[in-house]
Amino acid sequence: MDFQLNDDQRAFRETLRAFVDKEIMPVAIEWEHSGRYPTEIVDKMKAMGLFGLTVPEEYGGLGADMVSFALVFEEIARGWMGVAGTIGSHSLACWMIARHGTEEQKSRHLADLATGARRTGIALTEPGAGTDLQGIQTRAVRDGDHYVVTGTKTWITNARHADPLPVLVKTSVTEPAHKGMSVLLVDPAAEGFGVSRDLPKLGYKGTETCEVVLDGVRVPVDALLGGVEGRGMQQVLGGLEIGRINIAARAVGVAQAAYDAAIGYARERNAFGQPIADFQAVQLKLADMATEIQAARLLTYWAASQADSGKRVDMEAGMAKYFASEVALKASLESMRIHGGYGYSQEFVVERLYRDAPLMAIGEGTNDVQRLVIARSLVSGKNHIGW
Ligand SMILES: Cc1cc2nc3c(=O)[nH]c(=O)nc-3n(C[C@H](O)[C@H](O)[C@H](O)COP(=O)(O)OP(=O)(O)OC[C@H]3O[C@@H](n4cnc5c(N)ncnc54)[C@H](O)[C@@H]3O)c2cc1C
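Residues numbered from 1 in each chain as written. Predicted model: local features only at pLDDT ≥ 70, side-chain atom pairs only at ≥ 80, totals over all residues.

In the nomenclature of an unreviewed UniProt entry, the protein is known as Acyl-CoA dehydrogenase family protein of Nonomuraea guangzhouensis.

(A) Quick look at the site of the ligand. As a matter of local geometry, the ligand sits amid 23 residues, with L124, G130, T131, T157 and T366 nearest to it. Taken together, the elements giving at least two residues each to the shell around the ligand come down to β2 (146-157), α8 (350-362) and α9 (367-379). Summarising the domain contributions, the shell around the ligand has at least three residues from each of domain 2 (133-229) and domain 3 (234-379). (Near = placed C-beta within 6 Å. Helix = DSSP H or I, 4+ residues; strand = E, 2+ residues; numbered from the N terminus. Domains from an automatic or database assignment.)

(B) Region of interest: the UniProt feature "domain: Acyl-CoA dehydrogenase/oxidase N-terminal" (unreviewed entry) in the protein. In the numbering used here, UniProt assigns the feature "domain: Acyl-CoA dehydrogenase/oxidase N-terminal" (unreviewed entry) to residues 7-116. As a span, residues 7-116 carries 77% helix and 0% strand, and end to end its C-alpha atoms are 27 Å apart. (UniProt positions renumbered as here; feature names shortened; annotations may be inferred.)

(C) Inspection of the environment of W80 at higher detail. Mapped onto the fold, W80 is located in helix α3 (residues 66-100). Take W80: there are 30 C-beta atoms within 10 Å of it, and that puts it in the buried class. Separated by 103 residues in sequence, W80 and V183 have C-alpha atoms that sit 31 Å apart. Once you skip the residues sitting within four places of it in the chain, W80 turns out to touch I24, A28, E32 and G206. (Buried ≥ 20, exposed ≤ 12 C-beta atoms within 10 Å, placed from the backbone. Contact = placed C-beta atoms within 7 Å.)

(D) Representation of the packing of helix α7 (residues 314-338) against α9 in the model. The N-to-C vectors of α7 and α9 enclose an angle of 145 degrees; their axes lie 9 Å apart at closest approach. In this structure, α7 meets α9 at a crossing whose hand is left-handed. Of the residues in α9, those touching α7 at D314, M315, G318, M319, K321, Y322, S325 and E326 are N367, Q370, R371, V373, I374 and S377. Residues that form the contact of α7 with α9 fall into these classes: five nonpolar, five polar and four charged. (Axes fitted to C-alpha atoms, helices over the stretch in contact; angles between N-to-C directions. Left-handed = near helix turned anticlockwise from the far one by under 90°. Nonpolar A, V, L, I, M, F, W, Y, C, P; charged D, E, K, R; others polar.)

(E) Just α3, in detail. Between its first and last C-alpha atoms α3 spans 18 Å; for 35 residues at 1.5 Å apiece the expected length is 51 Å, and the helix comes up short by more than 12%. Along α3, the sharpest kink reaches roughly 135 degrees, centred on W80. (Expected span 1.5 Å × (residues − 1). Bend = angle between axes of the 7 residues up to and from the residue.)

(F) Expanded view of the UniProt feature "domain: Acyl-CoA oxidase/dehydrogenase middle" (unreviewed entry) in the protein. Mapped onto the present numbering, the UniProt feature "domain: Acyl-CoA oxidase/dehydrogenase middle" (unreviewed entry) falls on residues 122-217. Summarising residues 122-217: 0% helix, 46% strand, and an end-to-end C-alpha distance of 17 Å.

(G) Here's a closer look at the domain arrangement of the protein. Parsing the protein into structural domains produces domain 1 (7-115), domain 2 (133-229) and domain 3 (234-379). One C-alpha centre belongs to domain 1, the other to domain 2, and the line joining them spans 23 Å. Counting residues at the interface gives 22 residues for domain 1 and 13 residues for domain 2. For the side of domain 1 that touches domain 2, the elements supplying multiple residues, two or more each, are α1 (7-34), α3 and α4 (103-115). For the side of domain 1 that touches domain 2, the element with the highest residue contribution is α3, accounting for twelve residues.

Quick look at the structure:
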């Protein structure tokens, strides 16, 4: 049993760590509070090839293994979780196009997406349907060699930068719901496509999250992902597995940042003539945080390595995402307690971690839904735990 990163992964992590320490951490507090888009950071991530994480090498991407993929999200989220959003749903959509796209779709999109010359995202959620994706109302009606698409999508990260934007639609209302759904790679320049507003958010700032309106948008049939109707739900569910590894890794990064801030502060802050790190009550908090974070990290990289073996990982990714996000929520609150009043200050990093952590318990499927996925997988006998 080997719990170590291999040499390539270790070198990659060092590069990422240096990038985050130098380029993200010094500006994160100020840029996040001002609502500034992290353009310079995005440009550097492009130069590092991070927009090509899930794009195969033959299209100019990194074709990264899932462990390296998780390392990227852990490290960036350690610096500023919102910035990880610029490559999160982008990577998921690239993975879907690489896995399910036609040759023509791969050639048309992947090389540009790998360099970040064009970017993407994923539009699943609607005002009336998030968890219940089969309840979406966005319709795509065939009209000659086009689909006419009408509907509203909400909470769409990267919506202002996505080209194309993969949109989950209903191509049939007579088939059972899961068979009547497809993904269309929508050109944002098409008439009737619009980003109607940016949604105000508790955290996850830097990256935009928007409402998108499709009002009779004519989408050529060759933009149907994979070229066959009715496969959308299956394509999306596969993508969400790697999306959950991404979220789990971000949660580990946020929790690590909370711990780093807490132990640093505890060593420096004096009370009653000694560093607060010498108080047993503070030590117990640090011990709990460190133990839980390391457990979350191991679960996340276990799920990632299982995905690298090529198997479906609904249960593993669900466990990692559920556990790591709960650990991030708790770690950010405990770090705030250790910081006392300064934990509530916008001049310290902890209040941002406390605002960013809850998203990981919601995004890519809520934690209650992850628990149901895990339970169903075990009860059905499809999976078991243990060696
Ligand atoms: C900042 C942010 C960014 C996002 N980015 C994107 C994006 O880029 N693309 C995208 O498509 N979506 C995105 N989302 C949407 C996100 O994926 C959804 O919010 C999430 O899937 C939950 O859906 P919902 O909000 O509609 O909640 P609902 O589905 O309405 O759930 C509400 C509550 O009901 C519970 N619930 C629902 N169904 C069940 C059930 N069967 N059993 C038990 N409990 C249940 C849930 O656990 C939850 O507690 C984003 C959301 C946020 C907040």
